[in-house]
Amino acid sequence: MTSDLEIREGVDRETVETVQNMGSYKYGWETEIEMEFAPKGLSEEIVRLISAKNDEPEWMLEWRLAAFRRWQEMPEPDWAMLNIPAIDYQDIYYYARPKSMETKPKSLDEVDPKLLATYEKLGIPLKEQLILAGVEGAEDLVEGERQVAVDAVFDSVSVGTTFKDKLAEAGVIFCSISEAIKEHPELVKKYLGTVVPQSDNFFATLNCAVFSDGSFVYVPPGVKCPMELSTYFRINAENTGQFERTLIVADKGAYVSYLEGCTAPKRDTAQLHAAVVEIVIEEDAEVKYSTVQNWFPGDENGKGGIYNFVTKRADCRGDRAKVMWTQVETGSAITWKYPSCILRGADTQGEFYSIAITNNWQQADTGTKMIHLGKNSKSRIVSKGISAGHAQNTYRGLVSMHPKAKNSRNYTQCDSLLIGDKCGAHTVPYIEVKNNSSRVEHEATTSKVDDDQLFYCRARGVGEEEAVALVVNGFCREVLQALPMEFAMEAQSLVAISLEGSVG
Amino acid sequence: MLEIKNLHVKLEEEDKVILKGVNLTVETGKVHAIMGPNGSGKSTLSYVLSGRDGYEVTDGSALLEGEELLEMEPEERAAAGLFLAFQYPVEIPGVGNMTFLRTALNAQRKARGQDELSAGEFLKVVREKAKTLKIDADMLKRPVNVGFSGGEKKRNEILQMAMLEPKMCILDETDSGLDVDAMRLVADGVNALRDAGRSFLVITHYQRLLDHIKPDVVHIMADGRIIQTGGPELALEVEQNGYADILKAHGLTEAV
Amino acid sequence: MGAAVQKSTLEARLEGLSTTGFAPAARKDALARLVAMGLPGRRDEYWRWTNPADFIAATPVPAQAFDDSDEAPVFEATDRVKLVFVDGVFDADASDDLALAGVEITRLAEAPDLNWASGLYGTLEVAGQTPVARPLAALNTAAATDGLLIRATAKAEKPINLIYIHRSEVSDPILHHVIRLEEGAELTILENGPAGARFNKVMEVDVAKGARFHHVRVQGRDHERRAATAIFARVAEEALFKSFTLTVNGVLTRNECVIDMVGDDAVAHVAGAALGDGASDAFLHDDTVFVTHGAERGESRQVFKKVLKHGAVGTFQGKILVKPGAQKTDGYQISQSLLLDDDSQFLAKPELEIYADDVKCSHGSTTGAIDETALFYLRSRGVPMEEARGLLVLSFLADAIDEIEDEGLRDDIVGRLEAWLNRHRD
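Since the structure is predicted, the reported quantities are computational estimates derived from the model, not experimental observations.

A. Spatial organisation of the overall build of chain A. Summing up its helical and strand segments, chain A has 12 helices and 24 strands in all. The C-alpha radius of gyration computed for chain A amounts to 22 Å, which stays within 12% of the reference 23 Å derived for 504 residues, consistent with globular compactness. Projected onto its principal axes, the C-alpha positions of chain A cover 65 × 60 × 50 Å. Of all 504 residues assigned to chain A, the portion counted as buried reaches 64%. Considering only contacts in chain A between residues 6 or more positions apart, those separated by 24 or more positions represent 84%. As displayed, chain A offers around 17,900 Å² of accessible surface, 46% of which is attributable to carbon and sulfur atoms. Separation of charge centres in chain A, based on 53 positive and 75 negative side chains, amounts to 5 Å.

So this is what it looks like as C-alpha cells:
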C-alpha cells in the first residue's frame, strides 16, 4: 500500500491500517463459570425472585409487579420493518448470575478472577491502574492519558465498578442500579420511570418487571464528571435474556460523557436483550451517550444472535440542556432501537449520530425521535445505514415540532449504502410540524458503493473487501467523528469486520 | 439628498449596539464612499437605511429628501428612491428575472402615481440596459440570481438599479468576490448612472473599487461612527497604510 | 350484543349502493376484498393523520353547490373535448360529442360489455392493494355508478376534459374511469370541478409500451368538498405517465396515487400543489403516493408542495419502493410546506424501501415559513409586502408547476394560483 494513498476525504491511513487488521467476530467465546439461574419462564414469582435476589425494598417490588401486570395485557409491536421470529417468553432465563457473585464483592479485589479475566480478554481491564475501557487499540494509547470508570455487567448482575472513590470525591455517584436502589433510594424514586414510563412499550414494560441490574449515574449540580464513565455488557449464559436498566441524571449545570459497549458469545439460538436507558438532563447540563453495540449478530446463515430491543430516551428538562446520542450498531441479529430526545426546556439541544451496519441476515430498525416542546430548541440527526448480504436496514425516526416549540430547528440527513443486490435499505421518517417559526429539513439518499472509488482503491493495490471497508468508513465519517477517540477507533475496525464476506 | 443624524442602532435580539451615533450628509449628485475595517458597522448602516428586520433604532434619524426613511416600510423606501445593491443578492427560485424586474418597476411606478409600463416598452428598456451590462437574454429568463456567478449577481444588481432609476443608491461591498474584469463592468454600469440628480453611497472595505468609481467624499467608519471624513486622498491613505493609524489616532484598535 | 344485530359501519356504508353493473365479476371480487379488509379507521397507520370518518359514514355531510362563476372556467383556453358529469351522472347534453380521432370513449353506465375494459376494470386497483390496503378504492370498484372507459390507440387529437358539476347538496358520487393507452398512443386528461358533497373517484390508467399519458387536474374552490380519489397506474416499457394536481380549498381531500412501473425505461412523474386557507372552513389535504419500481432504469419523481394558513393541515405520505432487480432506478421525492402562519400544520412521512443496490434514490422534506431575507430583498426593490409574499409563494410552488409540460396549461394553473392568492390576502 502506498503511503500517500488518498481514497477520498475522510479516509486516512489510520483507517487503512485498522481495516487491514480486521478479523471476524472476536468476542464469540464463552466463559466457563458456575452460574446460578432462576427457573426458566416469566411469572409473578420470577419477578419477586429477582427483586429478592437484589435485596430490594418493598416499593421497588411493587413497581415491578405493576409493570408485570401491565405487560401481560400488552400486544407485541409489529410496526417495524422487521421479521421477528416468535419469541417464547417462557423459554428464557430471566436471571443468571455467577455463583461467586452470591455475596456481593466489597471491592474489585474480591471479584472472581475468572470474571476479571473475561473482561480482560474483552479488552476491558477492571483494574484502576489500567485506565482505558472497552476498547480496541486502547493499549496503544499513552497510559494515564485518560481515565474511564467502568461498570461491568455480566449476564444479570454488575460484577464491579471502578474508580468509585475517585468519582465520589467529585460528588459523582456511579454504581450498579441494584446498589443505587438500596443506597440512594431517594434519587432512584425521584427519577426512575420518569423518562420512559412503565407503560411506554412492550419491551420497556417487560424490562420494568424483570430488569436485574444496570448502571446508575448521578452528577450533582455544577459538576463536570472528572472522567468518562462506561458500562460494559456481556451476555455469557445460554438461553438467558439480559434486561439491564440504566439511569443517568445530570443535575443543573453538570456534564458527563458515558460509553456503552456490548458483546456476547456465538450461539446457535437467539437471545433476547431488552434494556432501558433513561437520561434526565436538568438546566444547563449536558450528557453525551455513546454506544458501540457489537452483540453477536448470528452466523452467516442467520442462525443465533441477539435480539436487541432497547428503549433509550433523554429528557432535556431544563433550559439549555443538551444531549448527544452516538451509536455504532454493528451487532445483533435484530436491532430495534430509537434513542430519543425530549427537548422540553427552552434552547435545548438534541443530537443523534448513528451508524448501523447489517450484513448476512441481520435486521436493523433504528433511528430516533426528536420531540421539540421548548422554544428555540435545536436538533440534528445524522444517520448512516449500510446493508450487505441479505440484511435489511431501516432508519425510522420522528421529528415533532409542537405548537409551543417556536423558532426551533431540525436538520436530518439519512444516507443508506447498499452492498450487493440481495439486501435492503429503507427510510421511514415521520415529520410533524405544528408551528411556522420552526424549520425542519430532511434529506435522505440511497446509493451503492461508488464503483469509481472502489476501482481507484483497487488500482492502488487494496483488496476488494478492504476497499469496501475504506469507502464505507469514509461514508460514516461524520458519525465516527462524533465518538470519543478510543470508541472511534474501535468503531472503524468494527465497520470492516462487520462487512466481512459482503463482496465477491 | 440623504441626511443621517445621530443614528444609534442595536440588534433587536441581543444587547449589542452596532451604530453609536452616525452623522452623514450626502448631497444631491455626489458620490460618497464609506470605508472601514470589518465589524465597523458599514453593512448595518446599509441594512438599517433600507429597512431590514432585526435592528432597533434607539435614537437619531435618516432623511431622504427631507422625508424620514426610518418610519417607512422597505418598499416605501424603494418607491421614495432608495436602492440598496446587496452584498449577497438573494436567490429566488421559480421567479423569472424579468418577472421580478417588471413587478418591482411597476410597483414603484404605481406607488409614485405613474402608469405601469407595458410589456413591450418594458422589454425594450430592459434589453437595452442589459446589453450595456453584458447580461444576455438567458440570464434575464432564468430565475432571480439562481445559478448566477458572483459577477453575474452583482451585474444583475446594477441592472435593477438601472431599471428602477433610484435617486439614492447604496452599494454594499459590491466589489466583494469580483475579479478585475467583473469589477470594471460593474463600475462602468454605476458610472453610467451618475448624474446631477442621483447620489451614491459606496460601502467598501478596499480602495480598489474607488479607482473605478471616483468618490467626491470619503468617510472612515469605525466602532459604529464616522471617525474621519476627507477627499479621495483619504482612500489612498488607507490603501497605503491600512486602518491602523487612523484608528489609533481616534483611540481605537482594529478588531480582529 | 343482542339479537337485533346493529348494522356494522360497512353495512351502513354499503346501504343503497348497487354492486351490480359493468364488469360484474370484478365488482363481486372487489366487494369481497372490501369485506375482508374492512373500512379504514383512525387507528390504521395509513390514516394516521387523516380521519376517514367522513368517507366511511353512511351518508355524506351535506355541502352547498359552490358558485365559481366569478372566474373563467379552467382550461377554457385549451381546445378540448368536454365531458360533463352532474352530481356523478354523465350529462350527454352538456358534453361534447364522444367522437375523437385516435380515441374510443364509452360511458361505463351504458357499456354492457367492452372487452378491453372489463378485463382491466379493477385489476390495477387490486394490484395497488398490496402492501397497503386501500378500502375506499375497493368500495369504488364494487359500487361505482358511472365513469368513462377511454382507449387511446394513437395520438389523441386533443385533450379530454372531465368536468364535474355539483348541484345537489347531498350528492355522493362514486365514479370509476378506466383508461388504456395502447402502444405508442398519447393522451391528455384534464379534470376539474366540484363533483358532489362527497366524492369517491378511482382512475385506472394502463399505459402500454412507449405510450405517453398526461393528466392535469384542478380540485378547486368548493370549500365544503370531501373527496377521496385514487389513481392506479401501470406504466410499461418506455412509457410515460405524468400527473399534476392543483388543489385549492376543500374540507377534506385525500388524493392517492399508486404507480407501478412494470417495464424497463419507464418514466412516472406525479406532482401536486395545494393551497389551503382554514379561515373559511377546515382544510385538510392529504397526498398519499406509492411508486413501485419493478423494472430497470425507471425514473420517478414525486413533487408535492403545500401552502397553508389559518389552521390548514397538509399531510404527505409518499413512498418509493424499489423491487429486487430494478437496477439503475432513479427515484426522487420532495415534499415541502410553506406555513404562512403559526396555526397551520404539516405532517409528512416520506419513505424509501429499496431492495436493489445499483440505484439512485433520494427524498427531501422541508417545512418552514416564508424566507425573510428573500422577502426583504423583494421589498427593497419596491414590491409591496403582499405582492412580495405572493411572488415567494409562486416561487415555492414553481417546481411542482413545472411538472406540467404543456405551456398553456401551465399558464392557466399559474393564473388560478395568482387569483387564489389575491382572494386570500390577509
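B. Inspection of the UniProt feature "domain: SUF system FeS cluster assembly SufBD core" (unreviewed entry) in chain A at higher detail. According to UniProt, the feature "domain: SUF system FeS cluster assembly SufBD core" (unreviewed entry) maps to residues 233–475 of chain A in the numbering used here. Segment residues 233–475 of chain A splits into 9% helix and 55% strand. End C-alpha atoms: 28 Å apart.

C. How the structure looks around the sheet that holds strand 12 (residues 225–230) of chain B. Residues and elements named next belong to chain B. Spatial ordering of the open sheet is given by 6-9-10-3-11-12, a layout of 6 strands whose pairing is mixed. Every interior strand has two partners, whereas the edge strands, strand 6 (82–85) and strand 12, have only one. If you compare each strand with its neighbour and ignore which way they point, the axes differ by 20 degrees on average. Sheet analysis places strand 9 (residues 168–172) next to strand 10 (residues 199–204), joined by 5 bridges and oriented parallel. The residue bridging Cys-169 from the neighbouring strand is Phe-200, located in strand 10.

D. Spotlight on helix 6 (residues 150–164) of chain B. Residues and elements named next belong to chain B. Taking 1.5 Å of rise per residue, 15 residues should cover 21 Å, and helix 6 covers 21 Å from first to last C-alpha, within 8% of that figure. Counting buried positions over the 15 residues of helix 6 gives 14, a clear majority of the element. Glu-165 occupies a position one or two residues after helix 6 and carries a positive phi of about 45 degrees.

E. Structural context of the packing of helix 9 (residues 451–459) of chain A against helix 10 (residues 464–475) of chain A. Residues and elements named next belong to chain A. Their axes nearest at 9 Å, the elements helix 9 and helix 10 cross at an angle of 130 degrees. The orientation of helix 9 with respect to helix 10, classified from their angle, is oblique. You can see that helix 9 and helix 10 cross each other, and the crossing is right-handed. Contact with helix 9, carried on its side by Gln-453, Leu-454, Cys-457 and Arg-458, involves Glu-464, Ala-467, Val-468, Leu-470 and Val-471 of helix 10 and no other residues of that element.

F. The arrangement of the sheet that holds strand 1 (residues 2–11) of chain B in detail. All names here are of chain B. Pairing is antiparallel in the open sheet, where 4 strands are placed in the order 2-1-4-5. Two strands close off the open sheet at either side, each with one partner strand: strand 2 (17–26) and strand 5 (67–68). Two strands pair when backbone bridges link them, and strand 1 and strand 4 (residues 55–64) are joined in this way by 8 bridges, in the antiparallel orientation. Following the sheet pairing, Lys-5 is matched in strand 4 by Ser-61. Seen against the sheet, helix 1 (residues 42–50) touches strand 1, strand 2 and strand 4 and runs at an angle of roughly 105 degrees to strand 1.

G. Region of interest: the UniProt feature "domain: ABC transporter" (unreviewed entry) in chain B. UniProt feature "domain: ABC transporter" (unreviewed entry): in the numbering of this structure it lies at residues 2–248 of chain B. Here residues 2–248 of chain B is 40% helix and 29% strand, with 29 Å between the C-alpha atoms at its ends.

H. Region of interest: the interface of chain A and chain C. With 32 residues of chain A in contact, the opposing surface of chain C contributes 34 residues. Each partner contributes to the roughly 2,700 Å² buried at the junction of chain A and chain C, and carbon and sulfur atoms together form 48% of this total. Together, Tyr-430, Ile-431 and Asn-436 of chain A form the three largest contributors to the area buried by chain A at its contact with chain C, with a combined 23%. Linking chain A with chain C are 2 salt bridges. As a salt-bridge pair, Asp-342 of chain C and Lys-406 of chain A come within 2.6 Å of each other at their nearest N and O atoms. Here the residues of the side of chain A that touches chain C are counted per class, giving 11 nonpolar, 13 polar and 8 charged. Pairing geometry for strand 24 (residues 439–448) of chain A and strand 19 (residues 360–368) of chain C, over 7 bridges, is antiparallel. Residue pairing for strand 19 of chain C: Glu-441 of chain A is matched across the bridge by Thr-366 of chain C.

I. Summary view of the pattern of salt bridges. As enumerated under the stated definition, the model contains 69 salt bridges over all chains in all. The shortest N-O distance in the salt bridge between Lys-158 of chain C and Asp-79 of chain C comes to 3.5 Å. Of this pair, Lys-158 of chain C sits in the loop between strand 4 (148–152) and strand 5 (160–165) while Asp-79 of chain C sits in the loop between helix 3 (53–56) and strand 1 (81–86), placing them 79 residues apart in sequence. With a shortest N-O distance of 2.9 Å, Arg-198 of chain C and Asp-172 of chain C are connected by a salt bridge. Of the two residues, Arg-198 of chain C is situated in strand 8 (residues 198–207) and Asp-172 of chain C in the loop between strand 5 and strand 6 (174–181); the sequence distance between them amounts to 26 residues. Salt bridges sharing partners connect three or more residues here, namely Glu-432 of chain A together with Glu-45, Arg-48, Lys-319, Lys-349, Glu-351 and Glu-353 of chain C.

J. Main features of the arrangement of the chains. The top pair by number of contacts, from a total of 2 pairs of chains in contact, is chains A and C. In this structure chain A stays clear of chain B, and the shortest span between their C-alpha atoms is 13 Å.

K. Summary view of the UniProt feature "domain: SUF system FeS cluster assembly SufBD N-terminal" (unreviewed entry) in chain A. Here, UniProt's "domain: SUF system FeS cluster assembly SufBD N-terminal" (unreviewed entry) annotation points to residues 166–225 of chain A. Measuring from the first to the last C-alpha atom of residues 166–225 of chain A gives 10 Å, for a span that is 45% helix and 15% strand.

L. Representation of the interface of chain B and chain C within the structure. Each partner contributes to the interface: chain B provides 30 residues, whereas chain C provides 18 residues. For the chain B face of the interface with chain C, the top three residues by lost area are Glu-75, Phe-86 and Val-90 of chain B, together amounting to 27%. Viewed at the interface, chain C and chain B are joined by 3 salt bridges. Residue Arg-381 of chain C is joined to Glu-157 of chain B by a salt bridge in which the shortest nitrogen-to-oxygen separation is 2.7 Å. Across the contact surface, chain B and chain C share 11 residue pairs in polar contact (both at pLDDT 80 or more). For the side of chain B that touches chain C, the secondary-structure elements that each account for two or more residues are helix 1, helix 2 (74–80), strand 6, strand 7 (92–96), helix 3 (97–111) and helix 6 of chain B. The biggest single contributor to the side of chain B that touches chain C is helix 3 of chain B, with 5 residues.

Cut-offs used in this document
Residues numbered from 1 in each chain as written. Chains lettered and ligands numbered in written order. Predicted model: local features only at pLDDT ≥ 70, side-chain atom pairs only at ≥ 80, totals over all residues. Heavy atoms only, no water. Helix = DSSP H or I, 4+ residues; strand = E, 2+ residues; numbered from the N terminus. Rg over C-alpha atoms; globule rule 2.2 N^0.38 Å. Buried < 20%, exposed > 50% of the residue type's maximum accessible area, 1.4 Å probe, protein only. Contact = heavy atoms within 4.5 Å. Areas by Shrake-Rupley, 256 points an atom, 1.4 Å probe, with all protein chains shown as cover. Lys, Arg positive; Asp, Glu negative; His and termini not counted. Charge placed at Lys NZ, Arg CZ, Asp CG, Glu CD. UniProt positions renumbered as here; feature names shortened; annotations may be inferred. Pairing = 2+ DSSP bridges. Axes fitted to C-alpha atoms, helices over the stretch in contact; angles between N-to-C directions. Expected span 1.5 Å × (residues − 1). Parallel < 35°, antiparallel > 145°, perpendicular 65-115°, else oblique. Left-handed = near helix turned anticlockwise from the far one by under 90°. Buried area = accessible area lost by both parts, 1.4 Å probe. Salt bridge = Lys/Arg side-chain N within 4 Å of Asp/Glu carboxyl O. Nonpolar A, V, L, I, M, F, W, Y, C, P; charged D, E, K, R; others polar. Polar contact = N/O pair within 3.5 Å; in protein donor to acceptor, adjacent residues only side chain to side chain.

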